[in-house]
Amino acid sequence: MTSSAGGDSAWSLAGFRGHGYDKGRGPVVQVAWLLVSGAVAMRWWCPNSVRIAILRAFGAKIGSGVLVRHRVRVHWPWKLTVGDNSWIGEGVWILNLEPVEIGHDTCVSQEVLLCTGSHDRHSPTFEFDNAPIRLGDGVWLGARSTVLRGVTVHDNAVVGATALVYRDVPAGTVITAIAPS
């Protein structure tokens, strides 16, 4: 996009309306979630069992044996599904404007970003271009990796630390941030 000192750009951000985006719950529930998650669920002193109970109370579908560490940010818990015996590491950010599905026995390591949101660069008002994310069974996302909107990481795939995933990862594949030498 071009820009000049006078502020001329290809978008009119003032016209943004978020057309087609459904938050899934009303403002009261959204505010309640933001308060409870910030005050209790993300804290280091909150036991995993309480964290899981809070997520479930706000609509997350979480299997048995799941570990959700502290400082995990979930944008909308009612758009989150986690299979049995999966781990979500410290500092993970699940920016789930759209559904995020995490399979069973899947490890989402520290500081991973799962981002279902984007914008349409061709839209004159920069409207949303969101899509869900699905992590299959037995997936491992390495520390600080990023998975973008619309991606499926299929069963038993491994995404190396700091890798950026912008398209589907086939089953059993190992991808890294740096090409092997």
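First things first, this report covers the structure right here in the doc.

### Things to note about the packing of aromatic side chains
Within the structure shown, the criterion is met by five aromatic pairs. Where Phe16 meets Phe128, the ring centres are 5.1 Å apart and the plane angle is 85 degrees; that geometry is what we call edge-to-face. Here Phe16 is found in the segment before helix H1 (27-41), whereas its partner Phe128 is found in the loop between strand S9 (113-115) and strand S10 (133-135), with 112 residues between them in sequence. The exposure class assigned to Phe16 is partly exposed, which follows from its relative accessible area of 27%. Owing to a relative accessible area of 25%, Phe128 belongs among the partly exposed residues under this scheme. Through pairs of rings, three or more aromatic residues link up here, namely Phe16, Tyr21 and Phe128. Directly above the aromatic system of Trp93 lies the positively charged group of Arg73, at a separation of 3.9 Å from the ring centroid.

### Some details on the nonpolar core
The nonpolar side chains of soluble globular proteins are, as a tendency, buried together. Ranked by size, the top nonpolar core spans 38 residues in total, and within it Ile94, Ile102, Leu114 and Leu141 carry the most contacts. Sorting the residues of this core by element identifies H1, helix H2 (48-57), strand S4 (80-82), strand S7 (100-102) and S10 as the ones contributing at least two each. If you tally residues by element for this core, the top one is H2, at three residues. Setting aside chain neighbours within four positions, we find Leu141 in contact with Cys107, Val108, Ser109, Val112, Leu114, Leu135, Val147 and Val159.

### With respect to the sheet that holds strand S5 (residues 87-88)
Taken together, the six strands give an open sheet; going across it, the order is S2-S5-S8-S11-S14-S16, and neighbouring strands pair in parallel fashion. Pairing within the sheet leaves two strands with one partner each, and these edge strands are strand S2 (67-68) and strand S16 (174-175). Judged from the two bridges that link them, strand S11 (residues 140-141) and strand S14 (residues 158-159) form a sheet pairing that is parallel. The residue of S14 that forms the bridge with Trp140 is Val158.

### What to know about the sheet that holds S9
Whenever strands of a sheet pair, they do so through backbone hydrogen bonds, lying parallel or antiparallel. Ordered by their spatial adjacency, five strands build an open sheet running S3-S6-S9-S12-S15, and the pairing between neighbours is parallel. Whereas interior strands pair on both sides, the edge strands pair on one side only; in this sheet they are strand S3 (73-74) and strand S15 (164-165). By the bridge criterion, three bridges tie strand S6 (residues 93-95) to S9 in an arrangement that is parallel. If you follow Leu95 over to S9, its bridge partner there is Cys115.

### Concerning unusual backbone geometry
Even without being a glycine, Asn156 presents a positive backbone phi close to 60 degrees. Looking at where Asn156 falls in the secondary structure, it is placed in the loop between strand S13 (152-153) and S14. According to the relative accessible area criterion, Asn156 is exposed, its value standing at 51%.

### Focus: the pattern of salt bridges
Taken as a whole and judged by the stated rule, the model has four salt bridges. Across the pair Arg71 and Glu90 runs a salt bridge whose closest N-O atoms are separated by 3.1 Å. Of the two residues, Arg71 is situated in the loop between S2 and S3 and Glu90 in the loop between S5 and S6; the sequence distance between them amounts to 19 residues. Of the residues examined, Arg71 reaches a relative accessible area of 36% and is grouped as partly exposed. Given a relative accessible area of 26%, Glu90 falls into the partly exposed group. Two residues, Arg134 and Glu101, come together in a salt bridge whose shortest N-O distance is 3.4 Å. With a gap of 33 residues between them, Arg134 in strand S10 and Glu101 in strand S7 connect regions that are remote in the sequence. You can call Glu101 partly exposed: its relative accessible area is 36%. When salt bridges that share partners are traced, they join Arg71, Glu90 and Glu111 into one network.

The rules we used
The residue numbering used here restarts from 1 in each chain and proceeds along that chain's sequence as written. Since the coordinates come from a predicted model, pLDDT governs what is reported: local features require at least 70, and pairs of side-chain atoms require 80 or more to be given and counted, while whole-chain, interface and lining totals use all residues. To obtain the side-chain values, all non-hydrogen atoms of the structure were used and water was disregarded. A pair of aromatic rings is counted whenever rings of Phe, Tyr or Trp (Trp by its six-membered ring) have centres within 6.5 Å, and the orientation is called stacked for planes under 30 degrees apart, edge-to-face for over 60 and tilted otherwise. Elements are defined by DSSP. Helices are runs of H or I of four residues or more, strands are runs of E of two residues or more, and each kind is numbered from the N terminus. Exposed residues in this analysis have more than 50% of their type's maximum accessible area, buried residues have under 20%, and partly exposed residues fall in between, with area computed by a 1.4 Å probe over protein chains only. Only lysine NZ and arginine CZ atoms are considered, and such an atom sits over a ring when it is within 6 Å of the ring centre and within 35 degrees of the ring normal. Joining through side-chain atoms within 4.5 Å is the link that ties buried Ala, Val, Leu, Ile, Met, Phe, Trp, Tyr and Cys residues into a set, and such a set is a nonpolar core. Note on contacts: a residue pair is in contact if any heavy atoms of the two residues lie within 4.5 Å. The rule for pairing is simple: two strands pair if DSSP sees at least two bridges between them. Counted as salt bridges are all cases of a side-chain nitrogen of Lys or Arg within 4 Å of a carboxyl oxygen of Asp or Glu.

Any functional reading would require information beyond the geometric quantities listed.
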